[in-house]
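If you want the building blocks of each chain, they are given just below.
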Amino acid sequence: PAPPRSAAPPRASSSEGPARGAETRAMLSVAVGAAVALHLSALTPHALAKTVNIAIDQASLAQESCGRAGGVPGTGTYKATCMKILGKATNPTSEPVFNADVYGLVKDQANDDVLNSGRVGSIDKLEPGVNDFVLRITVADSQPLPLKLKNFKAQGVTQLLNASPNPYDDYTEFDEFGAQR
């Protein structure tokens, strides 16, 4: 006669039991770790830096020459003048604002655009309240001065963010055979 069947599955031999148990514990440990990380990331604010609109006092905008500017690479005949744009910016918050991008219209006396984009420059740091700022731009000698400065505004953030490095700086390391590390 056949031996009676039990409802329990046959047990693994003692040689594969501890290995399978360790593998199961490792997978369970990874799953618990992932669940905890997911839970903690849900509790962490995604953006700690707040964007702040900065008012630029249009009446305070002024300009002055800062001498001959360097030409544009690749054009030996390009002549240009360096121009400083001075003004007052108001940080309305109670904390410093960093990396404030300044936008505005810059036109010459003939009403031609001096800049191809609306971004004029940036201010590294603005303390709470009114701050003086200076931006430098390059103006072609063929454009008649003085400049017309209109609709200036700025926007920055309340925390110093990691700025991406200059894309022209090469920090790549090479081994003695010239291969990239």
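For every chain, the first residue of the written sequence is number 1, and numbering continues from 1 along that sequence. Only residues with pLDDT of at least 70 are given local features in this predicted model, and only at 80 or more are side-chain atom pairs given and counted; all residues enter the totals for whole chains, interfaces and linings. For the side-chain quantities, the full set of heavy atoms in the structure was used; hydrogens and water were omitted.

Moving on: unusual backbone geometry. Omega for the bond connecting Leu145 with Pro146 falls within 30 degrees of zero, at 0°, which places this linkage in the cis form. Mapped onto the elements of the fold, Pro146 is located in the loop between strand E6 (129–140) and strand E7 (148–157). In this structure, Asn111 is a non-glycine residue whose phi angle is positive, near 70°. You can see Asn111 is positioned in the loop between strand E4 (97–107) and strand E5 (119–126). For Asn111, a relative accessible area of 41% gives the class partly exposed. Positive phi outside glycine occurs at Asn151, with the angle close to 55°. Working definition: helices are DSSP H or I runs of at least four residues, strands are E runs of at least two. Numbering for both runs from the N terminus. The cut-offs for exposure are 20% and 50% of the maximum accessible area for each residue type, with area from a 1.4 Å probe on protein chains only; residues under the lower value are buried, those over the upper are exposed, and the others partly exposed.

Turning our eyes to something else, we now look at the pairing of strand E3 (residues 80–91). For E3, the tally of buried residues reaches nine of 12 residues, placing the bulk of the element in the interior. Pairing between strands is defined by DSSP: at least two bridges between them are needed. Across two bridges, the pairing between strand E1 (residues 51–56) and E3 is antiparallel. Bridge assignment links Ala55 to a residue of E3, and that residue is Thr90. Relative to E3, strand E2 (residues 62–69) is paired through six bridges, and the arrangement is antiparallel. When the bridges of E3 are listed, Glu64 appears paired with Lys84. Where E3 lies against E6, 12 bridges are found, and the strand directions are antiparallel. When the sheet's bridge partners are listed, Ala80 is paired in E6 with Ala140.

What follows covers the environment of Pro92. Relative to the helices and strands, Pro92 resides in the loop between E3 and E4. Note: C-alpha distance between Pro92 and Pro128 (36 residues apart in sequence) is 6.4 Å. In this structure Pro92 touches Val52, Asn53 and Ile54, once residues within four positions along its chain are discounted. Residue contacts follow a heavy-atom distance rule, with two residues in contact if any of their heavy atoms lie within 4.5 Å.

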